[in-house]
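Architecture at a glance
Residues per chain are reported as follows:
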Amino acid sequence: MIEEESLIRLDGDSFRVELLPVGATLRRFDVRLSDGSWRNIVLGSADLAEYLASNIYLGMTVGRFANRIADARFTLDGVEYVLDVNEPPNQLHGGTDGFHAREWTVAGHGPDWVEFTLTSPDGDQGYPGTLAVSARYELVPGGLQVTYRATTDGPTVVNLTTHPYFNLDGEGSGNTDAHVLTVHASRYTPVRRDGIPTGEIRDVTGSAADFRQARPFGKARVAAEAEGITRNDGFDHNFVVDGTGMREHCRLASADGLTLVVESDQPAIQVYGGEHFNGTQIGTSGHPYQRRAGIALETQHFPDSPNQPAFPRTVLRPGEEFAATTRWLVVSVP
């Protein structure tokens, strides 16, 4: 079980958030509804061991490199680096002992904010350079924001994000097939069977991956299956978000009208339908998570970028700073 004293709470009039130092994890995100009641819209676990033992990454910070790296290796400045393999033959979300599995330091905490820090030594999970990382969560007008920052003493690659699963009907309430999703992306990166991008950046026009107009998520998945572009019978795709800078990446709406907007300054967002939930994961409400219990929306750089020269740059060098901000804003409540 999770000890009460380990929980960090941020409290506002319309939002209440719970976080954990392990994995700099977003555990709860409660939204006040129009009748004054509260609804938790993110999946989380009541058991710390569940966070650490599974590969579900419930609301956890993933890094040093979020998403997948092919064959768990990359070359930088003529040197090949061999990484920890945790999804053979590839690496996923930074390795077995990635940032999600670490006890982050609470560097500061106020009523509506908290900042976590972590130092990743040279060679950690195979990555070069010592990386100093911070994750600052804070309540903002309309919702919650996280900002990641990182510096290094040697050339390395970095891609940091939070891995929240959303169910806007309420955590533990069932599947998300009736949720309506909009993604502001004219292109996406097709993947091989193992989730590694093929290197193509494909136009979504005329395909089941076109979410530029709002679509019920379950119906879109069925269309994608018929088209043959799903992975594990669902969406697990990197969408290339139109525009640059801080902008709306996507919006998600429940059947009763609760609407979440995800904003970020990152170039892409991973949309994953939670195909791997199988009823063995017990949520904060005590309900088991069945298949498609939540939709993961992960703002990010492209998967396998260190091995894909056509993808946006993810190299970080001494004297530079990696920075990434994401906001989760609730724009409508029932």
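Predicted, not measured: the structure shown is a model, and the values here were computed from it.

**Regarding the pairing of strand E7 (residues 73–76)**
Burial along E7 is one-sided: Phe74 and Leu76 are buried, while Arg73 and Thr75, pointing the other way, are not. Relative to strand E8 (residues 79–82), E7 is paired through 4 bridges, and the arrangement is antiparallel. In the sheet register, arginine 73 faces E8, and the bridge partner there is valine 82. The loop that links E7 with its antiparallel partner E8 comprises 2 residues; one of these, aspartate 77, has a positive phi angle of about 55°.

**Some points on unusual backbone geometry**
Residue glycine 63 is joined to arginine 64 through a cis peptide bond whose omega torsion reads 15°. Of note, arginine 64 is situated in the loop between strand E5 (60–62) and strand E6 (68–69). A cis amide bond, omega 0°, links proline 88 with the succeeding residue proline 89. Within the secondary structure, proline 89 is located in the loop between E8 and strand E9 (91–92).

**Thoughts on the pattern of salt bridges**
Within this structure, the stated rule accounts for 24 salt bridges. For the salt bridge of arginine 231 with aspartate 236, the shortest nitrogen-to-oxygen distance reads 3.1 Å. For aspartate 236, a relative accessible area of 10% puts it in the buried group. In this structure, the salt-bridge partner of arginine 292 is glutamate 275, at a minimum N-O distance of 2.5 Å. Taken as a pair, arginine 292 in the loop between strand E26 (288–289) and strand E27 (295–300) and glutamate 275 in the loop between strand E24 (268–272) and strand E25 (281–282) lie far apart in primary sequence, 17 residues in all. In terms of burial, arginine 292 and glutamate 275 fall into one category: buried. Here the residues in one salt-bridge network are Arg68, Glu87, Arg231 and Asp236, joined through shared partners.

**Thoughts on the sheet that holds strand E12 (residues 131–140)**
Pairing is antiparallel in the open sheet, where 9 strands are placed in the order E10-E11-E12-E13-E29-E23-E22-E17-E20. Two strands bound the open sheet, and with one partner strand each, they are strand E10 (105–110) and strand E20 (215–216). Pairing between E12 and strand E13 (residues 143–152): 10 bridges, direction antiparallel. For valine 140, the partnering residue across the bridge sits in E13 and is glycine 143.

**Considering the sheet that holds E27**
Strands belonging to one sheet form pairs held by backbone hydrogen bonds; the direction of such a pair is parallel or antiparallel. Spatially, the 6 strands line up as an open sheet ordered E16-E27-E24-E21-E18-E19, and their pairing is antiparallel. Since the sheet does not close on itself, it has two edges, and those belong to strand E16 (165–166) and strand E19 (202–203), each with one partner. Bridge count for E16 against E27 is 2 bridges, and the pairing is antiparallel. Note that in E27 the partner of phenylalanine 166 across the bridge is isoleucine 295.

**Quick look at the environment of glutamate 248**
Positionally, glutamate 248 belongs in strand E22 (residues 247–253). Judged by its relative accessible area of 23%, glutamate 248 falls in the partly exposed class. As a C-alpha pair, glutamate 248 and glycine 110 span 138 residues in sequence and 27 Å in three-dimensional space. Those residues in contact with glutamate 248 that lie beyond four places of it in its chain are His184, Val241, Val261, Val262 and Glu263. Within polar-contact distance, the side chain of glutamate 248 engages the side chain of arginine 251 at 2.9 Å.

**Concerning the nonpolar core**
Membership of the largest hydrophobic core comes to 59 residues, with the highest contact counts inside it found for Tyr137 and Trp328. Counting residues per element, this core draws most heavily on E12, which supplies 5 residues. The next biggest cluster of nonpolar side chains, apart from the first, holds 15 residues, and it includes Leu7, Leu43, Tyr51 and Ala293.

**Here we look at the pairing of E13**
Of all 10 residues in E13, 8 are buried, a share of seventy percent or more. Two successive antiparallel strands, E12 and E13, enclose a turn made up of 2 residues, where glycine 142 displays a positive phi of approximately 95°. Pairing between E13 and strand E29 (residues 322–332): 8 bridges, direction antiparallel. In the sheet register, glycine 143 faces E29, and the bridge partner there is leucine 329.

**Brief notes about the packing of aromatic side chains**
Tallying each qualifying case throughout the model produces 14 aromatic pairs. Both rings, one in tyrosine 188 and one in phenylalanine 239, keep their centres 6.2 Å apart while their planes meet at 35°; by these two values the pair is tilted. Taken as a pair, tyrosine 188 in strand E18 (residues 185–189) and phenylalanine 239 in strand E21 (residues 236–241) lie far apart in primary sequence, 51 residues in all. Residue classification places tyrosine 188 among the buried residues on the basis of a relative accessible area of 1%.

About the thresholds
Residue positions within a chain follow its written sequence, with the count starting from 1. Residue-level local features of this predicted model are given only where pLDDT is at least 70; pairs of side-chain atoms are given and counted only at 80 or more, and the full residue set underlies all totals for whole chains, interfaces and linings. Hydrogens are left out, water is left out, and the side-chain values use all remaining heavy atoms of the structure. To sort residues, take the accessible area from a 1.4 Å probe on protein chains only and compare it with the maximum for the residue type: under 20% means buried, over 50% means exposed, and anything in between is partly exposed. By definition, any uninterrupted DSSP run of H or I lasting at least four residues is a helix, any uninterrupted run of E lasting at least two residues is a strand, and each is numbered from the N terminus. Here, a strand pair is defined by DSSP locating no fewer than two bridges between the strands. Should a side-chain nitrogen of Lys or Arg be within 4 Å of a carboxyl oxygen of Asp or Glu, the pair is scored as a salt bridge. Note on contacts: a residue pair qualifies if any of its non-hydrogen atoms lie within 4.5 Å across the two residues. Contacts described as polar in this section are N or O atom pairs within 3.5 Å, which, within protein, must combine one atom able to donate a hydrogen with one able to accept it, while residues neighboring in sequence count only if both atoms come from side chains. Among the buried residues, those of types Ala, Val, Leu, Ile, Met, Phe, Trp, Tyr and Cys that are joined through side-chain atoms within 4.5 Å form a nonpolar core. For Phe, Tyr and Trp, where Trp contributes only its six-membered ring, two rings pair if their centres lie within 6.5 Å, and the inter-plane angle classes them as stacked under 30 degrees, edge-to-face over 60, or tilted in between.

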